[in-house]
Amino acid sequence: MNTENLTQGKKVIVGIQFLFVAFGATVLVPLLVGINPATALFTAGLGTFIFHYVTRWKVPIFLGSSFAFIAPINEASKQWGLSGTLSGLTAVSVVYFVMSALVKWQGKRLLNRLFPPVVIGPVIILIGLSLSGTAVDMAKSNWFLAFCSLFTAIMILTFAKGLMKLVPIIAGVVVGYIVALFMHQVDFAGVVAAPWFSFPVKFDTISHFSWEPFLYMLPVAIAPVLEHIGDVYVVSAVAKKDFVAQPGLHRTMFGDGLACLASAFLGGPPETTYSEVTGAMSITKVTSPAVIRISAATALLFSVIGKLSALLQSVPKAVLGGIMLLLFGTIASVGVQNLMQRKVDMNDTRNIIIMSVMLTMGLGGAVLSSGNFAISGIGLAAVVGVVLNLLLPKTKTTEEKKDEKS
C-alpha cells in the first residue's frame, strides 16, 4: 500500500503506531547500559532520517537501539567509563563504511563468501544467549514483578490479534509497572524533579575519545552488520521491491553507518534496522517510507519531553528483567530459524565445527588480547567463524557427488 492510498491523518496514525511497536526495544537498550532513554529516542529519529536521505527516501526501514552492544557497552564502561565507551562506538560506523565499500566493489559475492548462513546463524544466537545472565540478574531482584511482565508478554504473543500482537514488550512493561505501583516499588522522585522539556543530547562525547574502546568495539560491529544484511532482504520481501539492487545494499549500509556515527557523537547507542517495524508493515500492508519518517519525527518529539524520560527510568529493573527473559531468548531462536530456513546441513562435519567453536567461544568467555587491545564474546566468535569458514575445505554436496559419479 502506498501513501497515496492513505489520508494524511491515517498516515500520521500509522506512523505513530509503528513507533510504539519499536518503542519498547528502543528505550530498553539505553536503560540497560545507563544512557538517557530520551537520547536514544532522539538518535533513533535522527538516524532514521539520515538513513532515508542516504537511501534516496526509498527504503521503509526504522533504525533503533541495537541489542548487540548491551554487553560490550557494559563491559567497556568498567574500563573506560561510559563517556569513553560511547566515543569508542564510532568504530561501528567505520565497519559499516568499510563493508559498504566492499559491497559496492564486489557485490553480493563477497557477502556470500564471508558470511554464509553457517556463520550468520550462530552470531544471531550469541546476541541473545550472551545476554541471558543480565536478564536473570535483573529479574531476580523481584521475581514476582518479573513474572508479571513476562506472563503478560507471553499472553499477548500467544492470544492477541493484529497489531496488538506486535506490542508484547510495551504491554508487559505497563502491566509490570502497574503491579509495582501497588507494591510501592516505584520511585517518582526523578519524575517530579525532571523538567517538562529538555534537550536530550550532549555534544561533548567525542572529547573523551581514546583508541582502546574504539579497537574493542570494532569486531563487535560485525554482528549488527550481519543483522542489517538480513533485515534488508526481509524488508525487500515485505515491500515486494529489491532494495538490495536499488538503491543498493552499499547505500543501506552507508546510511546505517552514518546514523551510528551521529548517535556516537550525540551520546546515544548504535543504531540498527528494526524487524519489529517490518512485522508491522507486513500486517498493515503499509510499506511507505514516508510513514516510517512520521515514526522518526514522533521519536524526535517524544525525546524532548523530560518528564517522559524520567518516567521511563523509573521502571523497576525486575520488570525489565522479566521482559528480557523472553526477548533475548527470542533473538536466539531467530538464529536457529535462520539456520533452518537456509537449510544448513547439521550432519556436515564442517558446519558442526564452525558452529561449535563459535558458540563455545562466544558463551564461554574466551578473550584474545594483546596490550590494550582485546576481543571477546560475539565479536571474537564472529571473527573465528569467518576464518574457519574460509580455511576449512567445503564438503561436497549430494548433487556434486552424483555429478562426479556420472
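You'll find the structure just up there.
Residues numbered from 1 in each chain as written. Predicted model: local features only at pLDDT ≥ 70, side-chain atom pairs only at ≥ 80, totals over all residues. Heavy atoms only, no water.

A. Local environment of the packing of helix α8 (residues 143-159) against helix α9 (residues 168-182). It is the contact of α8 with α9, at a shortest axis distance of 8 Å, that shows an interaxial angle of 145°. Along this stretch, α8 crosses α9, giving a crossing that reads as right-handed. Contacts from Phe144, Leu145, Cys148, Ser149, Thr152, Ala153, Ile156 and Leu157 in α8 reach Pro168, Ala171, Gly172, Val175, Gly176, Val179 and Ala180 in α9. Looking at the contact of α8 with α9, its residues break down into 11 nonpolar, four polar and no charged. (Axes fitted to C-alpha atoms, helices over the stretch in contact; angles between N-to-C directions. Helix = DSSP H or I, 4+ residues; strand = E, 2+ residues; numbered from the N terminus. Left-handed = near helix turned anticlockwise from the far one by under 90°. Contact = heavy atoms within 4.5 Å. Nonpolar A, V, L, I, M, F, W, Y, C, P; charged D, E, K, R; others polar.)

B. Fine view of the pattern of salt bridges. Under the criterion given, the structure shown has one salt bridge. A salt bridge links Lys140 to Asp137; the shortest N-O distance between them is 3.4 Å. The partly exposed category is assigned to Lys140, whose relative accessible area is 49%. (Salt bridge = Lys/Arg side-chain N within 4 Å of Asp/Glu carboxyl O. Buried < 20%, exposed > 50% of the residue type's maximum accessible area, 1.4 Å probe, protein only.)

C. View of the nonpolar core. Counting residues in hydrophobic clusters, the biggest one holds 109 residues, and the most contacted among them are Phe18, Phe67, Phe69, Phe115, Met253 and Phe328. With 12 residues, helix α1 (residues 8-33) is the largest single contributor of residues to this core. (Core = buried A, V, L, I, M, F, W, Y, C linked by side-chain atoms within 4.5 Å.)

D. Examining the side chain of Asn389 more closely. Secondary-structure assignment places Asn389 in helix α19 (residues 377-391). In this structure the side chain of Asn389 is engaged in a polar contact, spanning 2.9 Å, whose partner is the backbone oxygen of Arg113. (Polar contact = N/O pair within 3.5 Å; in protein donor to acceptor, adjacent residues only side chain to side chain.)

E. Representation of the layout of surface pockets. One number sums up the size of the second largest pocket: a volume of about 450 Å³. In this structure, the second largest pocket is lined by 20 residues; those nearest its centre are Ala71, Pro72, Glu75, Tyr216 and Ser376. Taken together, the elements giving at least two residues each to the lining of the second largest pocket come down to α3 (70-88), α18 (349-364), β4 (373-376) and α19. With six residues, α3 is the largest single contributor of residues to the lining of the second largest pocket. (1 Å grid on protein atoms, 1.4 Å probe; cavity = no way out; pocket = protein on both sides within 12 Å on 5 of 7 lines; lining within 4 Å. Points joined across faces, edges and corners; volume = space filled by probe spheres on them.)

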